[in-house]
Amino acid sequence: VLPGQRIPVDSLVISGTSTVDESMLTGEAVPVVKEVGSTVTGCTVNGHGSLRIRATRVGADTALAQIMKLVEDAQTCKAP
């Protein structure tokens, strides 16, 4: 994943070091350092370094897909 690119799927970093902007998921404004062995979440943005990643979850198994499902479920439920 090159600098400035979105991380495509939930993955494990297998080489490289960078910062990742996870504000879309966490709301945290400060980028998080990622290095070999770190997990990265799909749709977050890679910072200044390059990362080589191995996909760990794709499709409906990704963190973003699970969040979307929870929101959809919450919208269809009535409040007590």
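What counts and what doesn't
Counting of residues starts from 1 at the beginning of each chain's written sequence and follows it residue by residue. Thresholds applied to this predicted model are a pLDDT of at least 70 for local features of residues and 80 or more for the giving and counting of side-chain atom pairs; totals over whole chains, interfaces and linings are not thresholded and use all residues. Neither water nor hydrogens contribute to the side-chain values; these are computed over all heavy atoms in the structure. A run of H or I in DSSP becomes a helix once it reaches four residues, and a run of E becomes a strand once it reaches two; helices and strands are each numbered from the N terminus. In this scheme, a residue with accessible area under 20% of its type's maximum is buried, one over 50% is exposed, and one in between is partly exposed, where area comes from a 1.4 Å probe on protein chains only. Contacts: residue pairs with any heavy atoms within 4.5 Å of one another. Under this rule, positive means Lys or Arg and negative means Asp or Glu; His and the chain ends count for nothing. Charge positions are represented by NZ for Lys, CZ for Arg, CG for Asp and CD for Glu. Each reported salt bridge corresponds to a side-chain nitrogen of Lys or Arg within 4 Å of a carboxyl oxygen of Asp or Glu. Only residues whose relative accessible area exceeds 30% and that form no salt bridge enter a patch; like-charged residues are grouped when within 9 Å of one another, and nonpolar side chains (Val, Leu, Ile, Met, Phe, Trp, Tyr) when within 5 Å. The accessible surface values rely on the Shrake-Rupley method and a 1.4 Å probe; as for residues, cover is taken only from the protein chains in view. Definition used in this section: a nonpolar core is a set of buried Ala, Val, Leu, Ile, Met, Phe, Trp, Tyr and Cys residues joined via side-chain atoms within 4.5 Å.

Novice: Account for the overall build of the protein, with residues named and values stated.
Specialist: Summing up its helical and strand segments, the protein has two helices and six strands in all. Along the protein, helices (α) and strands (β) appear in the sequence β-β-α-β-β-β-β-α when read from the amino end. Taking the principal axes of its C-alpha atoms as reference, the protein extends roughly 50 × 25 × 20 Å. Evaluated residue by residue, the protein yields a buried proportion of 22% over its 80 residues. Within the protein, contacts between residues separated by at least 24 positions form 69% of all contacts whose residues are at least 6 apart in sequence. Between the mean site of the 7 positive side-chain charges and the mean site of the 8 negative ones, the protein shows a separation of 5 Å.

Novice: For the pattern of salt bridges, give the residues involved together with the corresponding values.
Specialist: Overall, the coordinates contain three salt bridges when judged by the stated rule. In this structure, Lys-34 engages Glu-22 in a salt bridge whose closest nitrogen and oxygen atoms are separated by 3.2 Å. In this pair, Lys-34 is assigned in strand 3 (residues 32–34) and Glu-22 in the loop between strand 2 (18–21) and helix 1 (23–26), connecting sequence segments twelve residues apart. For Lys-34, a relative accessible area of 10% gives the class buried. On the accessibility criterion, Glu-22 (13% relative accessible area) is buried.

Novice: So what's going on with a nonpolar patch on the surface? Which residues, and what values?
Specialist: On the surface, Met-24, Leu-25, Ile-67 and Val-71 cluster together into a nonpolar patch covering about 310 Å² of accessible area. Secondary-structure elements contributing two or more residues to the nonpolar patch are helix 1 and helix 2 (63–76). The class of Val-71 is partly exposed, set by a relative accessible area of 43%.

Novice: Hey, could you go over the nonpolar core for me, with residue numbers and the actual values?
Specialist: Counting five residues, the largest nonpolar core is built from Ile-7, Val-13, Val-20, Val-40 and Leu-51. Beyond its immediate sequence surroundings of up to four residues, Val-40 is in contact with Ile-7, Val-9, Asp-10, Ser-11, Val-13, Val-20, Lys-34 and Ile-53.

Novice: Describe in detail the environment of Met-24, supporting the description with residues and values.
Specialist: Topologically, Met-24 is positioned in helix 1. Excluding residues within four positions of it along the chain, Met-24 makes contact with Gly-42, Cys-43 and Leu-64.

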